[in-house]
Amino acid sequence: MRAPLPPSVAQLEAFSRKAKGLAHPARLAILIRLADGAETTAGDLVRNSGLAQSTVSEHLRVLREAEIVTARHDGPRVWYRLERPALRELQAALDELVD
């Protein structure tokens, strides 16, 4: 039985970006809020988190860079949504790591 090929540098970088996206309690709280499937504005996240607007915006930036959250512009508002496929990819990579 052949050992699986090691991941490419690009795959490792993508995994690291996604893992970084999960590496803060405030970002996890944002993901939990977005997990119901509804799009949410940063203002709604601020009102429900008790965090400052700038803090929420920074965490959303990290989550967007990790491709865990996407943003949709609608006039002056930006709506954020959880990208479930990205989390599934991360889950699959972790499953492969421990198997």
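In what follows, the accompanying structure is described. (Residues numbered from 1 in each chain as written. Predicted model: local features only at pLDDT ≥ 70, side-chain atom pairs only at ≥ 80, totals over all residues. Heavy atoms only, no water.)

With that settled, the discussion passes to the sheet that holds strand 3 (residues 77-82). What the 3 strands build is an open sheet, ordered 1-3-2; its pairing is antiparallel. At either margin of the open sheet sits one strand with a lone partner, and together these are strand 1 (40-41) and strand 2 (69-74). In the sheet, strand 2 pairs with strand 3 via 6 bridges, with the strands oriented antiparallel. Paired with Ala-71 across the strands is Tyr-80, a residue of strand 3. (Pairing = 2+ DSSP bridges. Helix = DSSP H or I, 4+ residues; strand = E, 2+ residues; numbered from the N terminus.)

Another aspect to go through is unusual backbone geometry. With the exception of glycine, the majority of residues adopt a negative phi angle, and the majority of peptide bonds are in the trans configuration. At Glu-67, a position not held by glycine, the phi torsion is positive, near 60°. Mapped onto the secondary structure, Glu-67 falls in the loop between helix 4 (53-65) and strand 2. Under the relative-accessibility criterion, Glu-67 is labelled partly exposed at 46%. (Buried < 20%, exposed > 50% of the residue type's maximum accessible area, 1.4 Å probe, protein only.)

This next bit is on the nonpolar core. Ranked by internal contacts, the top residues of the largest apolar core, which has 15 residues, are Ile-30, Val-56, Leu-60, Ile-68 and Val-69. Secondary-structure elements contributing two or more residues to this core are helix 2 (25-34), helix 3 (42-49), helix 4 and strand 3. Sequence-distant contacts of Val-56, that is, excluding residues within four places in its chain, are made with Ile-30, Ala-42, Leu-45, Val-46, Ser-49 and Leu-51. (Core = buried A, V, L, I, M, F, W, Y, C linked by side-chain atoms within 4.5 Å. Contact = heavy atoms within 4.5 Å.)

For the pair helix 3 and helix 4, the least separation of the axes is 9 Å and the interaxial angle reads 120°. It follows that helix 3 is oblique to helix 4 by the angle criterion. Handedness of the crossing formed by helix 3 with helix 4: right-handed. Only Gln-53, Val-56 and Leu-60 of helix 4 make contact with helix 3, whose side of the interface consists of Ala-42, Gly-43, Leu-45, Val-46 and Ser-49. When grouped by side-chain class, the residues that make up the contact of helix 3 with helix 4 number 5 nonpolar, 3 polar and no charged. (Axes fitted to C-alpha atoms, helices over the stretch in contact; angles between N-to-C directions. Parallel < 35°, antiparallel > 145°, perpendicular 65-115°, else oblique. Left-handed = near helix turned anticlockwise from the far one by under 90°. Nonpolar A, V, L, I, M, F, W, Y, C, P; charged D, E, K, R; others polar.)

With respect to the helices, strands and loops of the structure, Ala-66 is situated in the loop between helix 4 and strand 2. Residue Ala-66 is classed as buried on the basis of its relative accessible area of 1%. Here the alpha-carbon distance between Ala-66 and Phe-15, two residues 51 residues apart in the chain, equals 8.7 Å. Once residues lying within four places of it in the same chain are set aside, the contact partners of Ala-66 are Arg-17, Lys-18 and Gly-21.

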